[in-house]
Amino acid sequence: VVALAYAGLKVLIPGDNESPSWKELLGNPAFAAALRGADVLVAPHQGREVGYCKELFDVMGKPRLVVISDGRFGDTSATDRYTKQARGWAVFDANGQKRYRYCVTTRNDGHITIKIGWNENNPSRGNFLNVITSKSDSYGWLATMLGGQF
């Protein structure tokens, strides 16, 4: 598990951790403290159910965004599981179109670029978290009209 903290933001990259492993690790106070307040979570085990652990969110809190690295035959229920655990964040697609998202997936969104840092040109604005996908959201208007989130 890697917890990357920079510019007052935190990204959690857990690899293939599964629920029993999470429960053991969460019993370590130093480990739990390192996870608390993560802004972005890369879903463990490519978002598969074996990597999901509700107790992780009890300790960590709700991240702004969850990234699922899945293929075209991935577990599509993962998006629903993780969307319920996220606060949401602005994501820009390849055309620069902005949508408020809870979860992004490589299956639907292509390459996902996350940039974090300090606003050097305008220090009063503090830090930034930018999320950009390589695919355009050609059906985003339909999802918005139907009230759905991907």
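Nothing here was measured: the structure is a model prediction, and the numbers come from that model. (Residues numbered from 1 in each chain as written. Predicted model: local features only at pLDDT ≥ 70, side-chain atom pairs only at ≥ 80, totals over all residues. Heavy atoms only, no water.)

1. Details of unusual backbone geometry
Worth spelling out the cut-off: By definition, any uninterrupted DSSP run of H or I lasting at least four residues is a helix, any uninterrupted run of E lasting at least two residues is a strand, and each is numbered from the N terminus.
Phi is positive for Ala7, close to 55°, though the residue is something other than glycine. With respect to the helices and strands, Ala7 occurs in the loop between strand E1 (2–6) and strand E2 (9–13). In this structure, Gln46 takes a positive phi of about 55° despite not being glycine.

2. Topic: the pattern of salt bridges
Filter applied, for reference: The working definition used for a salt bridge is a side-chain nitrogen of Lys or Arg within 4 Å of a carboxyl oxygen of Asp or Glu. Each residue's exposure class comes from its accessible area (1.4 Å probe, protein chains only) as a fraction of the maximum for that residue type: buried when under 20%, exposed when over 50%, partly exposed otherwise.
Applying the stated criterion to the full structure yields five salt bridges. Measuring nitrogen to oxygen at the nearest pair gives 3.0 Å for the salt bridge that ties Lys54 to Asp58. Here the residue Lys54 and the residue Asp58 both occupy positions in helix H3 (residues 54–60), the gap between them amounting to four residues, near one helical turn. Of the charged contacts in the structure, one is a salt bridge between Arg107 and Asp70, with a shortest N-O distance of 2.8 Å. In this pair, Arg107 is assigned in helix H5 (residues 106–109) and Asp70 in the loop between strand E4 (65–68) and helix H4 (77–83), connecting sequence segments 37 residues apart. Residue classification places Asp70 among the buried positions, given a relative accessible area of 10%. Ionic contacts of the salt-bridge type, sharing partners, join the residues Asp39, Arg64 and Arg87 into one network.

3. Some details on the packing of aromatic side chains
Using the following cut-off: The rule is short: rings of Phe, Tyr and Trp, with Trp giving its six-membered ring, pair when the centres are within 6.5 Å, and they are stacked under 30 degrees, edge-to-face over 60, tilted in between.
In this structure the tally under the stated criterion is five aromatic pairs. With 6.4 Å between their ring centres and 45° between their planes, Trp22 and Phe31 make a pair best called tilted. Just as Trp22 is buried, Phe31 falls in that class too. Taken together, Tyr52, Phe57 and Tyr82 form an aromatic cluster joined through their ring pairs.

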